[in-house]
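Per-entry structural report
Below are the chains, spelled out letter by letter.
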Amino acid sequence: MIVKITQTTSNVKQSFDVELGEKNYVGETGRFSRFQSVTLKRGDTTLEGRYYLTKWKNYIPLRPVFGIENLTKAYRILRNGEPCGSMALSKHGFLKNRYVITLDDGAVLYCYKRLKGSFGYVSIFRGDEQIALIETYMNVNDFKYTHKLYLLDEYSRYSDVLSLFVLYYANLNFTKRFHMSRGSRYRKAWTVSRYNGKYDPKWLENHFPNENYFGKISSD
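Keep in mind that this is a model prediction, so the values were computed, not measured.

Looking now at a nonpolar patch on the surface. On the surface, L62, V65, F66 and I68 cluster together to form a nonpolar patch covering roughly 440 Å² of accessible area. Mapped onto the fold, I68 is located in the loop between strand 5 (45–52) and strand 6 (70–79). Owing to a relative accessible area of 40%, I68 belongs among the partly exposed residues under this scheme.

So, in structure tokens, the structure goes:
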């Protein structure tokens, strides 16, 4: 399945349209700070990512150099007010960073970021299997980014949580607040990481061969 997350407002308010199959959600990130809640709403269903401080040891900057994990930028996941998991940035070695989504059903998902030219990717794994990929086109108008989440059908049960994760990821990496800019912005960037190999450039082509994903459109 494919989820399209389109930012519709940028500046003071950060709003998103989320097309999840036949269901349409509305997403928001904090107006004033990246540490405000991120939310995904549809009808009487609300998913919220709520920031919290982890143990003080996680903020000692040199620990990851020695292979000790720091968990920061942590958000609890709540479904209609009830806790159901968490997501955080894990730094646990030299050039070894990844996002970790932990769910109350016991699932742990590892998410590896890679920037490559005009595209941003996050490869999402459960165990040794890649189950999803987030693709972001970084050339934008008015700082309003569009993200696509490609998720294997057999893992569709994670679609709403991973859509919330896209908002969390966008909030930390792409959102621009209180800007006065209009027009197109062109950006190229490359990630230096020991996890760069987690990005498989053939994964989209192998699992979604008929889709016009951003990289495919750009190369046509």
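With that settled, the discussion passes to the layout of surface pockets. In this structure, the largest pocket spans a volume of roughly 210 Å³. In this structure, the largest pocket is lined by 13 residues; those nearest its centre are N97, R98, K113, T191 and S193. Counting only elements with at least two residues in the lining of the largest pocket, the list comes to strand 7 (82–91), strand 8 (97–103) and strand 9 (108–117). Here the lining of the largest pocket takes four residues from strand 9, the largest share from any one element. A per-class count over the lining of the largest pocket returns seven nonpolar, three polar and three charged.

Next up on the list: the pairing of strand 9. For strand 8 and strand 9, the ladder comprises four bridges, and the chain directions are antiparallel. By the bridge assignment, V100 is partnered in strand 9 with Y110. The turn linking strand 8 back onto strand 9 is made up of four residues, and G106 within it adopts a positive phi angle of 100 degrees. Pairing of strand 9 with strand 10 (residues 119–126), which is carried by eight bridges, proceeds in the antiparallel orientation. Note on strand 10: the bridge partner recorded for K113 is V122. The hairpin turn running from strand 9 into strand 10, its antiparallel successor, is one residue long. As paired elements, strand 9 and strand 14 (residues 189–190) share two bridges and run antiparallel to each other.

Our focus in this paragraph is unusual backbone geometry. For K73, which is not glycine, the phi torsion reads 50 degrees and is therefore positive. Within the secondary structure layout, K73 lies in strand 6. One non-glycine residue, N80, adopts positive backbone phi at about 50 degrees. By the element assignment, N80 lies in the loop between strand 6 and strand 7.

Scanning all chains against the criterion turns up four salt bridges. D160 serves as the salt-bridge partner of R79, at 2.6 Å between the closest nitrogen and oxygen. Of this pair, R79 sits in strand 6 while D160 sits in helix 1 (residues 159–173), placing them 81 residues apart in sequence. R79 sits in the partly exposed class, given a relative accessible area of 32%. Measuring nitrogen to oxygen at the nearest pair gives 3.6 Å for the salt bridge that ties K202 to E205. With a relative accessible area of 40%, E205 lands in the partly exposed category.

If you look at the biggest cluster of nonpolar residues, it comprises 54 residues, and the most contacted ones within it are M87, I101, I124, L149, L162 and F165. Ranked by residue count, the leading element in this core is helix 1, at nine residues. Apart from the residues lying within four places of it in its own chain, the contact partners of L149 are M1, I2, V3, I5, I124, A132, L133, I134, S159, L162, S163 and V166.

Right, let's get into helix 1. When the terminal C-alpha atoms of helix 1 are compared, their 21 Å separation across 15 residues agrees well with the 21 Å that a helix rising 1.5 Å per residue should span. Of all 15 residues in helix 1, 14 are buried; the element is thus mostly enclosed.

Analysis parameters
- Residues numbered from 1 in each chain as written.
- Predicted model: local features only at pLDDT ≥ 70, side-chain atom pairs only at ≥ 80, totals over all residues.
- Heavy atoms only, no water.
- Patch = residues over 30% accessible without salt bridge, like charges linked within 9 Å, V, L, I, M, F, W, Y side chains within 5 Å.
- Areas by Shrake-Rupley, 256 points an atom, 1.4 Å probe, with all protein chains shown as cover.
- Salt bridge = Lys/Arg side-chain N within 4 Å of Asp/Glu carboxyl O.
- Helix = DSSP H or I, 4+ residues; strand = E, 2+ residues; numbered from the N terminus.
- Buried < 20%, exposed > 50% of the residue type's maximum accessible area, 1.4 Å probe, protein only.
- 1 Å grid on protein atoms, 1.4 Å probe; cavity = no way out; pocket = protein on both sides within 12 Å on 5 of 7 lines; lining within 4 Å.
- Points joined across faces, edges and corners; volume = space filled by probe spheres on them.
- Nonpolar A, V, L, I, M, F, W, Y, C, P; charged D, E, K, R; others polar.
- Pairing = 2+ DSSP bridges.
- Core = buried A, V, L, I, M, F, W, Y, C linked by side-chain atoms within 4.5 Å.
- Contact = heavy atoms within 4.5 Å.
- Expected span 1.5 Å × (residues − 1).

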